[in-house]
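Secondary and tertiary structure notes
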Amino acid sequence: MGTEDSLRLEDADVLGLAEDWVQAGRGVALATVVETWGSAPRPVGSHLVIDADGHFEGSVSGGCVEGAVIAEAVEVIGTGTPRLLEFGVADETAWRVGLSCGGRIRVYVEKVV
Amino acid sequence: MDRFTLSALNEARRQRQAAILVTNLASGVVRLFREDDAGLELMIEPALAALLPERFRSARSGLVQTPEGDEFFLTVHVPPPRLVVIGAVHISQALAPMARIAGFDVTIIDPRTAFATPERFAGSNLLAEWPEDVLARAPLDAFTAVAALTHDPKIDDLPLRAALEANCFYVGALGSRKTHAKRLERLSAEGTEPEALARIRAPIGLAIGAQSPAEIAVSVLAEVIDALRKRGVAGEGADP
């Protein structure tokens, strides 16, 4: 099995897990990479699932901005209002969170209600 | 997104159905469309409906903007393509690893145990069984390609008919034009319609002047990919 297959299965599991977590009564948010520029580490459509306690699975940036996305996601679970986040080298926050590889990404975070 | 839409999406993925999640990034409203939904074009804004067929073919997720200025994200889920090879022959020995590298889930079926030996197909999903037995428990579907390579009607004919009935995106059969003409006579006599028969690619493979079994494998794989990426395009015959 090649790397591509592994990535695909990883993504596949994230959506299954999101459903499992919701059924278990946990507050759940789903983060999705909706746009990338430059050398963004994860492709458009990649998912991260987060619960109200900050537990997560999946990846939207190969580790660069997950911490910031998780913090925002916990707030989205609280408010129920989706957010569109942007990370990139032009953004001070992005430098701080580590997406300094020259890439920029936009991540949509929504609560699963 | 609501849990019912998420659940429906996961169900479509389990059923190996292509589906697109359409998310309005301004309102947060999410809708799910399956490729085989009847009247799909009537359920959705024309500007979006026009984009969906190409998205289903390319399997690429991405942002789109409607002329009204609304921004939507399309999450495209297409089942991983399968390749079922009938015949544990020399071409298959080359085709199986190449197709795996290209991202296909490959199964080789051949009831002749002299051909279907693990030594000749290390690392492949090889089944030394009759195709009808395998297909009874693992049915073909629209995201499966079938290449029949044995030349033997007793082995090839049934999976070819099954592939046409299941609307497999690719159906190819090895054999000269003369062999294929006889095959068409047999399948026709068994009730397969001429439009379905016309979907069988024969002689198999793109015309690249392939000589060796490995070269023929390249031409077959290229033809399979061509069919996958042009699914449903007029003239390609993948529509039911």
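Described below are features of the structure shown in this document. Quick caveat: nothing in here was measured; it's all calculated off a predicted structure. (Residues numbered from 1 in each chain as written. Chains lettered and ligands numbered in written order. Predicted model: local features only at pLDDT ≥ 70, side-chain atom pairs only at ≥ 80, totals over all residues. Heavy atoms only, no water.)

The next point concerns the overall build of chain B. Of the regular secondary structure elements, chain B holds 10 helices and 9 strands. Summarising its shape, the C-alpha atoms of chain B cover approximately 60 × 35 × 35 Å along the three principal directions. Long-range contacts, defined here as pairs at least 24 residues apart, represent 55% of the contacts in chain B between residues at least 6 apart. Within the structure as shown, chain B displays about 11200 Å² of accessible surface, and the carbon and sulfur contribution to it stands at 55%. (Helix = DSSP H or I, 4+ residues; strand = E, 2+ residues; numbered from the N terminus. Contact = heavy atoms within 4.5 Å. Areas by Shrake-Rupley, 256 points an atom, 1.4 Å probe, with all protein chains shown as cover.)

So, on to the side chain of B:Thr144. All names here are of chain B. Mapped onto the fold, Thr-144 is located in strand 8 (residues 144-148). Relative accessible area serves as the criterion here: at 1%, Thr-144 is assigned to the buried category. A distance of 2.9 Å separates polar atoms of two side chains, one belonging to Thr-144 and the other to Asp-141. Apart from residues lying up to four places away in sequence, Thr-144 is in contact with Arg-16, Arg-82, Val-84, Cys-168, Phe-169 and Tyr-170. (Buried < 20%, exposed > 50% of the residue type's maximum accessible area, 1.4 Å probe, protein only. Polar contact = N/O pair within 3.5 Å; in protein donor to acceptor, adjacent residues only side chain to side chain.)

All names here are of chain A. Counting buried positions along strand 2 (residues 47-51) gives 5 out of 5 residues, so the element sits mostly inside the fold. Burial of strand 2 is two-sided: the residues His-47, Val-49 and Asp-51 facing one way and the residues Leu-48 and Ile-50 facing the other way are all buried. Of the pairings in the sheet, the one linking strand 1 (residues 28-37) to strand 2 comprises 5 bridges and is antiparallel in character. Its bridge partner being in strand 2, Ala-31 is matched across the sheet by Leu-48. Where strand 2 folds back on strand 3 (residues 56-58), the antiparallel hairpin that results is connected by 4 residues, among which Gly-54 adopts a positive phi of roughly 90°. (Pairing = 2+ DSSP bridges.)

The next point concerns the interface of chain A and chain B. Interfaces are often described in size by the accessible area the parts lose on coming together. Opposite the 25 residues of chain A that make contact, chain B presents 22 residues. At the boundary of chain A and chain B, one finds 8 residue pairs in polar contact (both at pLDDT 80 or more). Taken together, the elements giving at least two residues each to the side of chain A that touches chain B come down to helix 1 (3-23), strand 1 and strand 5 (104-112) of chain A. Of all the elements, helix 1 of chain A adds the most residues to the side of chain A that touches chain B, at 9 residues. In terms of residue class, the side of chain A that touches chain B is built from 13 nonpolar, 4 polar and 8 charged. (Nonpolar A, V, L, I, M, F, W, Y, C, P; charged D, E, K, R; others polar.)

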